Amino acid sequence: MTVVCVEQLSVHYDKTPVLWEVDFEIPVGLIVGLVGPNGAGKSTLLKTFIGLLRPISGGCTFFGKPYKEVQKKVAYVPQRTSVDWNFPIHVLDVVLMGLYGKRGPLKWIRKEDRALAKQALDRVGMLPFASRQISELSGGQQQRVFLARALLQDADLLLMDEPFAGVDMATEKALMEVFVQLKEEGKTLVIVHHDLTTVKNHFDWVILLNSCLIDCGPVAEVFTEENLKKAYGSAAYLVTETKKLTRSKTSGV
Amino acid sequence: MLEFFVDPILRAPTIGSMLMGLASGLIGCLAFLQKRSLVGEALSHAAYPGVVLGLVIAAAFFPGGISAAILVGAFLSGLLGLFVIHQMEKRLKIASDAALCFVLSVFFGVGVCIASGLQISHALWLQKIQVFLLGEAATMMDGHIFLYGGLTLACVLSVISLFRFLEILHFDPEYAKAVNLPSKAVHTILYILLMVAIVVGMRSVGVVLMSSMLIAPPSAARQWTTKFSSFLILSGALGLLSGFLGNALSVWSLAPLPTGPMIALVATAICLFSLFFAPERGFLPKLIRVTHFQLRCKQENILKALYKKRTINPNPYLLWRMRTKGWIKGEKLTPEGYSQAEKLVRLHRLWEVYLVHMGQESDRVHHSAEEMEHILTPEIEIQLQALLDNPTQDPHQQPIPGVSR
Amino acid sequence: MRVSLLFFSLVLCLFGCGSTRDTSSWFADNGKTKVLCTTGMIHDIVARVGQDKIDSHALIVGEIDPHSYELVKGDDDKIAFAQLVFGNGLNLEHGASLRYLLAEHPHVVNLGDEIQNKVPQKILKVSGEVDPHVWMDVSLWAEGIDAIVLALSKEDPASSAFYEQNGALLRQEMLSEHSLLQKAMRLVPDEKRYLVTSHDAFHYFARAYLAQGEGWEARCVAPEGLAPEGQLSSQDIKRVAQHLTQYEIGVVFPESNINQDALKKVISCCSHKVRCSDKPLYGDAIGPGDYLDMIRHNVEILKEEWSQ
C-alpha cells in the first residue's frame with residue numbers, strides 16, 4: 001500500500017521556488033530518510049504535507065486520501081527551535097499534548113491518559129524525568145520527550161524534522177531503536193536527516209532532494225556517489241544561485 | 001479584617017480591587033509568557049481616548065449610561081490600538097517595541113488633547129475622566145461589584161476552558177500549527193480578555209498604573225512554580241492579594257493614601273520579594289549557593305595542600321569550618337579529611353588523564369582539572385574510571401590514589 | 001495609510017471641541033489700563049473699582065477648576081500683554097504653567113497674599129495648609145479692596161481719586177451685604193447649620209455665616225481636600241459618613257464643577273437617609289452672575305434646603 005503519494009508538487013516559500021515538480025511514492029512500513037543540502041526544501045516538504053504551506057501546483061495524498069481526512073493518522077514532530085524552553089511545564093504535561101489531535105483540548109485529562117503518557121515516556125527511557133521542568137533536560141533528553149509526545153498521538157505515519165539535531169550518539173541510538181520498533185508495528189516514518197555518514201545504517205529508503213527530486217528508493221540504489229554529486233556537488237551550486245536570484249527579483253531588491 | 005467585606009464604605013473598593021487583581025494577574029500571565037508584557041501598557045494607554053470619547057458621547061446623548069459608555073469606549077479604543085499594532089508589525093514590518101510605543105504615545109496623546117479641550121468647555125466631564133487616569137477605588141459602589149464581578153468571571157472561565165489550548169500555543173507554536181489548533185482564534189480571544197482585564201482594572205488602579213498589575217503578579221508567580229496550572233493560579237492569587245492589601249493599607253495608614261497607587265506598590269513589593277527570595281530562582285538563595293560553593297572550593301584546596309604537605313596560610317574562618325566538618329583537628333588532617341583530600345586528588349588526576357585522552361597537551365590540562373575536581377560527581381568518576389580503564393598514573397607520572405585495579 | 005488619515009482627521013475635529021472666547025476687544029489699543037485677573041471672583045471686584053478706566057479680563061471662567069488650571073493657547077499672550085495681573089495667591093493657582101508665568105510677570109498682585117499681610121489672624125489653615133478660598137467670606141474679601149485701589153492707582157495715578165471712591169462704595173456695599181447674609185443664615189435653626197460639600201472650599205463661609213463664635217470647624221466637612229484633584233481614600237469617605245451620622249445631617253450639597261461620585265458614595269454608606277441637593281453650590285466657580293450673586297445664591301440654596 002502506498003502511504004505517501006506526491007504528484008508534481010511545486011512549492012514557493014517567501015516568493016522563492018523551493019520545490020520544483022517533486023514526484024514520488026512511499027510504500028508502507030519503512031523508515032525513510034529525507035536528505036539534501038541546506039535549503040533543499042526538506043522541511044518545506046514536510047510542512048506542505050501537513051498543510052502548513054500551500055503548493056503552487058501539484059498535490060499529495062496519504063493513505064490514498066487528502067491530509068485533512070486522515071489528519072489523526074499523521075504525527076508531525078517539528079524542529080525544536082520554536083519551543084519556549086522557559087515555559088513552566090513538566091515533562092509529563094508535554095507528552096500529554098499528544099492527545100490533543102485525537103480528542104481535542106477541551107476534554108479533561110483522566111487517569112488512563114496519564115498512564116498512557118507514562119508508558120510512552122517509559123518506551124523512550126524518560127519515565128524517571130516525568131515531573132521535571134522541561135528546561136532541566138539535556139538536548140537528547142528533550143528530543144526523546146518530543147518523540148514520546150508523537151507516540152501518544154498513535155499515528156500510522158510519523159513525519160520528523162531533524163530529530164537527531166544536537167543529539168548525542170547514545171540518544172541517537174536509543175531513538176533509532178524506538179523507530180525500528182515502530183516500523184515493526186507497521187508504521188511508516190519519514191525523517192529529515194543531515195548526517196550523511198549514518199544514512200545507510202538508519203534508513204531503508206532514501207529521498208534525495210535538492211529542490212528537485214534527485215532520486216527516491218531503497219538506500220543501496222539511491223545513495224550512490226553519482227546521486228550525491230548531483231545533490232551536493234558543484235552542479236548543485238547553480239540551484240542555490242538561481243534561487244537567490246529569483247528571491248531578489250521577485251521582492252524587488 | 002471582616003469589615004472590609006461587610007462595611008458599606010469598604011466592601012465595594014475592596015472587592016472591586018480584588019477582582020481587578022485576579023483578572024489582571026490571570027491574563028497578565030499569558031502576555032508574560034509570550035514575552036509581550038508591554039502590550040498591556042500600550043493597550044491601557046490606548047484605552048484612554050475611548051474613555052474620553054465614551055464620556056463625551058454619553059454625556060451629550062444619554063447621560064444615564066455614562067459608566068457603561070466609558071467602559072465600552074475604553075474597550076473599543078483598546079481593540080483599535082491592538083489592530084494598529086498588528087498592522088504595523090505585519091504590514092509595515094515595524095519592530096514590535098516601536099509599534100507598541102507608537103500606539104501608546106499617539107493614542108494617549110489624542111486622549112489628552114481631547115480631555116484638555118474639555119477643560120475649557122465642560123470641566124465637570126474632565127473630572128469624571130480623571131478618575132480613570134489614576135483610578136479611584138474609594139468611590140466604587142456596590143453596583144460596580146456586580147459589573148466587574150461578571151467580567152472577571154468571564155475571564156476566569158475563559159482561561160479555564162482554554163487551558164490546554166493556551167498551554168500548547170505558548171509552549172510550542174509550531175506543534176500547535178501542526179495539530180491545527182485554531183491559533184488565530186485563540187490569540188484573538190486572549191487579546192479580548194486582555195482588554196476586559198484592563199477595563200476592569202481602570203477604575204481601581206487607573207490607565208497609567210494598569211500595566212503594573214499585568215506584569216508584577218506573573219513575574220512574582222514565575223519565581224515560585226514550574227507548572228503552568230500552578231503558575232496561573234498563583235499569579236491570580238497574588239493579584240487578588242495585592243488588591244486586598246493595597247486597599248487595606250490605604251485605609252489603615254496614618255495619612256489617607258490613595259488606593260490605586262497602593263495596590264501597584266503592594267504588587268511590586270511582592271514581585272521584588274519573589275525576585276530576591278524565591279528558593280530556587282531568587283537572587284539571594286542563588287548568591288548563597290554560589291558563596292557556599294566558593295567556600296567549599298577554598299576549603300578543599302586547603303585540604304589538598306595539607307595532603308600534599310605544603311605550607312598554607314589559611315583563613316581562620318575556613319579552618320574553623322573544616323574543623324566543624326571533621327576534616328581537620330588543630331591543623332592536621334583527620335582520617336575523614338585525608339580520604340576527602342585523596343578523593344580530590346584522584347578526581348583531579350583522572351580528569352587530566354581524560355583530557356589527554358581527548359587530545360589535549362599534558363602541560364595544559366592542570367588548570368581545567370583544578371576547576372573540575374570540585375565539580376565531578378561520583379557517577380562521573382565511575383564513568384571516567386571505566387572509560388580510561390582504571391589508570392594509576394596521571395600525565396605527569398604522579399600516582400592516582402585510591403584507584404583499584 | 002487609511003488608518004493614519006482617519007486619525008489625523010479625528011484629531012483635527014477634536015481640536016474644534018474646545019471653545020475659544022473672542023478677546024480681540026481686550027487687546028484693542030484704547031488707552032485703558034489692561035488688567036488680567038485669574039478668577040472670576042477677582043475680576044468682578046477689580047472691574048467694580050476700575051470701571052471704565054480699565055479693561056479687565058478673567059482667565060479662568062465658567063466651570064474651570066482654578067486649582068489645577070494649566071495654560072492653553074493664547075494665555076501667555078494675554079499675560080504678556082497685561083499691564084497688571086491680579087491673582088488669588090495663597091497657593092490657589094498651582095497649575096505649574098500658570099504659576100510660572102505669574103511668577104515671571106513684573107506686576108502681579110495676589111489678593112489673598114495682601115489680605116494675609118493685612119489681617120493674618122483671619123487666614124485659616126487646614127491640615128497645615130493655608131486655605132486659599134478667602135472670597136467665601138464677603139467681609140474678608142472686602143479687605144482686598146485696598147490692595148486693588150493701590151495697584152490701579154500706581155498704574156494710573158491720575159485716576160487714583162476715582163479708584164478710591166469706587167473702592168469705598170464697593171466696601172460699603174460688600175459689608176452691608178455681609179451682615180444681611182449673616183442675618184439670613186441665623187434664621188435657620190442652629191442644629192441644621194452643618195454643611196457637607198464636595199471639597200474644602202467653604203471653611204471661611206462656615207466661619208462667617210454658619211457658626212456663632214467658636215466651633216466653626218465642625219460646620220463644614222468635605223471628602224476632598226483643599227484642591228479637588230487629589231486622590232480619595234476610603235478613610236475620607238468614612239470620616240464624612242461618620243460626621244453625617246454624628247450631626248444627623250439630612251442633605252449634602254454638591255458643587256457645580258466637581259464630580260459627585262464621592263458624595264454619592266458617602267450617601268450610600270450612611271446609616272440614616274441622606275439626600276443630595278439637586279441645586280449645586282458655587283465653590284470655585286463664580287456662576288452666571290457677579291461675585292455677590294454667587295454668595296447670595298449659595299446662601300439661598302442652603303436656606304431653602306435646610307428649611308425642608
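Residues numbered from 1 in each chain as written. Chains lettered and ligands numbered in written order. Predicted model: local features only at pLDDT ≥ 70, side-chain atom pairs only at ≥ 80, totals over all residues.

A.B. asks: Run through the interface of chain A and chain B, naming residues and quoting values.
C.D. replies: Across the contact, 19 residues belong to chain A and 22 residues belong to chain B. When its residues are assigned to classes, the side of chain A that touches chain B shows 12 nonpolar, five polar and two charged. (Contact = placed C-beta atoms within 7 Å. Nonpolar A, V, L, I, M, F, W, Y, C, P; charged D, E, K, R; others polar.)

A.B. asks: Lay out the arrangement of the chains in plain terms, naming residues and giving numbers.
C.D. replies: Among the two pairs of chains that make contact, the interface with the largest number of contacts is formed by chains B and C. No part of chain A reaches chain C; the closest C-alpha pair between them is 21 Å apart.

A.B. asks: Any chance you could break down the interface of chain B and chain C for me, citing the residues and the numbers?
C.D. replies: Taken together, the contact between chain B and chain C spans 29 residues of the former and 29 residues of the latter. At the level of elements, α2 (8-33), α5 (66-90), α6 (96-121), α7 (123-134) and α12 (228-252) of chain B are the ones that each hand at least two residues to the side of chain B that touches chain C. With seven residues, α6(B) is the largest single contributor of residues to the side of chain B that touches chain C. A class-by-class count of the residues in the side of chain B that touches chain C yields 19 nonpolar, eight polar and two charged. (Helix = DSSP H or I, 4+ residues; strand = E, 2+ residues; numbered from the N terminus.)

A.B. asks: Give me the lowdown on the nonpolar core, citing residues and values where you can.
C.D. replies: Nonpolar side chains tend to gather and get buried jointly when the protein is soluble and globular. Formed by 252 residues in total, the largest nonpolar core has its most connected members in V95(A), A148(A), L158(A), L159(A), L194(B) and V196(C). Counting residues per element, this core draws most heavily on helix α11 (residues 183-222) of chain B, which supplies 22 residues. Those residues in contact with V95(A) that sit more than four places away from it in its chain are A117(A), A120(A), L121(A), V145(A), A148(A), R149(A) and L152(A). (Core = buried A, V, L, I, M, F, W, Y, C linked by C-beta atoms within 7 Å. Buried ≥ 20, exposed ≤ 12 C-beta atoms within 10 Å, placed from the backbone.)

A.B. asks: Give a detailed account of the sheet that holds strand β5 (residues 74-77) of chain A, specifying residues and quantitative values.
C.D. replies: Residue and element names in this part refer to chain A. Spatially, six strands are ordered β5-β6-β7-β3-β8-β9 in an open sheet, and the strand pairing comes out mixed. Single-partner strands in this sheet number two, and they are β5 and β9 (212-218). Within this sheet the neighbouring strands show an average axis-to-axis angle of 15°, counted without direction. The sheet contact formed by strand β8 (residues 205-210) and β9 spans six bridges and is antiparallel. (Pairing = 2+ DSSP bridges. Axes fitted to C-alpha atoms, helices over the stretch in contact; angles between N-to-C directions.)

A.B. asks: Break down the domain arrangement of chain C for me, citing the residues and quoting the values.
C.D. replies: Residue and element names in this part refer to chain C. Domains assigned within chain C are domain 1 (2-175) and domain 2 (186-306). The C-alpha centroid of domain 2 is placed 26 Å from the C-alpha centroid of domain 1. Contact with domain 1, which involves 21 residues of that partner, is made by 20 residues of domain 2. Those elements that provide at least two residues to the side of domain 1 that touches domain 2 are α3 (40-50) and α7 (138-142). Considering every element that reaches the side of domain 1 that touches domain 2, the biggest residue donor is α3, with four residues. (Domains from an automatic or database assignment.)

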